[in-house]
Amino acid sequence: MKPLARKSGIFAENLPEEVVLYDKTRDKVHCLNKTAAAVWENSDGSKTVDELTRAVEAKSGAPADRKLVLQALEELEEAGLMEAGVVREAGLPSRREAVGKMVLAGSALVATMVAAAPKAHASQDPPKGGDPPPLPTPHNPPPQPLPPIGFKPPAGGHKKP
Amino acid sequence: MLVPSRNQVVSSSSCKLGEHNSLLSFFAYGVKLELHAPDALLSQLAWPIVPGAEVADGGQADAVLSVRGDRSPEGGTRYEIAENGAVSSVVTGLEAAASALEAWAQLTIATLAKDLVFVHAGVVRWKDGAVVVPGRSLSGKSTLVLSFVERGAVYYSDEYAVFDSEGRVHPYWRLPKLRVASDQRVANSLLGLTLGGAPPKPIPLGWVLISRYEAGSRWQPRRLSCGRTLLGLLDNTVPLRCRPEQSVQFLARAVRNAQGFEGMRGEAADFADQILASF
């Protein structure tokens, strides 16, 4: 099998040296460096790792080797940006086997952040439930407000009747 | 100034503890918000609840916040704040309820404002750029911002950095909320007159400082890439989950010409000294 990136439900924004992806399905944001971005973009299910390595070199303009591409593939898979199990099913050696501990200690090619639901205030009683309440969205429209009963706003003023 | 306008809602189901409930509608940042709350609570709110808010009449609201007061088993009054019918916060005591209601109103506007992206952050202007320090409530934003202002920076916000489609930073024009009374007095004397005038103009993003307080730390930051700087802002972005594309696009434009740094910071005054000396 050849590596295949997951691209549905993902929005990409190109920066000068990186690509930022928003995964709408999982509400996660990923920052891919040049190499990881080139691997993700070129993983179309038609290329072997060697072909992918050449494509990455051409795309990024920087030297890439098989070990670096494997590292990127594994990080992309861990981030949920590859079709499930592709790296393992492809019979590829894992990054740990391929590159050893020295590279693992280096900086990640893919940085991930979970998009948390916003919270209003710290000085409040603990919430009843675990999750914050749903915020108004197109899928969570506000209900109609209760109409004022038996009340007419005073003309030209804001005071209570 | 207290809330200038509220229309009484005489609804037996929403009256508790002999209180009357009132309705307050206002527009801010293109969003219409309705508050249904006991009079005693509304009278605690300072106006405008959200910077630039204007009282609204009629028409459908984009969101409704309603507050119900009830006797707490421990004594005092317990307030439930509901957003569009879903309980979002429960607080005890009038002052805490007013504070929570104000925060929810501001957050709701920040979430729903369609043409702007709100990021939890303190903001000052230094030279020609915005210094943005992202952080949630109680992360020390207000104290930091005040330290910058005391050293000559121009105040923009202690709560939200407001980004437009070109990535420029707008002021969130309210007095800083400081939890120490003496600091609040300093803020009032420093900024009270300033806030009486027109808000400053939108400016390009200059610096983003991703920092966390650690007693005794000295600011020794590492430079962040454009993408990592963007992640630092997105981590504090209010509408990220409901408008991810807009959030990412607006902030990506902002960070292209900005510098991002990350590190531990010590006391606000030392941090501000170091930052402004280095920029």
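Refer to the structure above for everything that follows.
Keep in mind the model is a prediction, meaning the values are calculated, not measured. (Residues numbered from 1 in each chain as written. Chains lettered and ligands numbered in written order. Predicted model: local features only at pLDDT ≥ 70, side-chain atom pairs only at ≥ 80, totals over all residues.)

(A) Structural detail: unusual backbone geometry. The linkage connecting W47(B) with the following residue, P48(B), adopts the cis geometry, with an omega of 0 degrees. Within the fold, P48(B) resides in the loop between α1 (39-42) and β4 (54-55). Phi at D27(A) takes a positive value of approximately 50 degrees, unusual for a residue other than glycine. The class of D27(A) is partly exposed, set by 15 C-beta atoms lying within 10 Å. (Helix = DSSP H or I, 4+ residues; strand = E, 2+ residues; numbered from the N terminus. Buried ≥ 20, exposed ≤ 12 C-beta atoms within 10 Å, placed from the backbone.)

(B) Highlighting the pairing of strand β2 (residues 19-23) of chain A. All names here are of chain A. Buried residues dominate β2, accounting for 4 of its 5 residues. Pairing of strand β1 (residues 10-14) with β2 involves 5 bridges; the strand directions are antiparallel. Bridge pairing in β2 places E13 opposite V20. Counted along the chain from β1 to the antiparallel partner β2, the turn is 4 residues long. Inspection of the sheet shows β2 paired to strand β3 (residues 28-32) by 5 bridges, in the antiparallel sense. Across the sheet, residue V20 finds its bridge partner in β3, namely C31. (Pairing = 2+ DSSP bridges.)

(C) The nonpolar core, seen in detail. V39(A), L76(A), L101(B), I109(B), V132(B), L251(B) and V255(B) are the most contacted members of the largest nonpolar core, which has 108 residues in total. In terms of residue count, helix α2 (residues 94-112) of chain B provides more of this core than any other element does, 11 residues in total. Two domains share this core, each providing at least three of its residues, namely domain 1 (7-112) and domain 2 (117-278) of chain B. In this view, V39(A) contacts L52(A), V56(A), V69(A), A72(A), L73(A) and L76(A); residues no more than four positions away in its chain are not counted. (Core = buried A, V, L, I, M, F, W, Y, C linked by C-beta atoms within 7 Å. Domains from an automatic or database assignment. Contact = placed C-beta atoms within 7 Å.)

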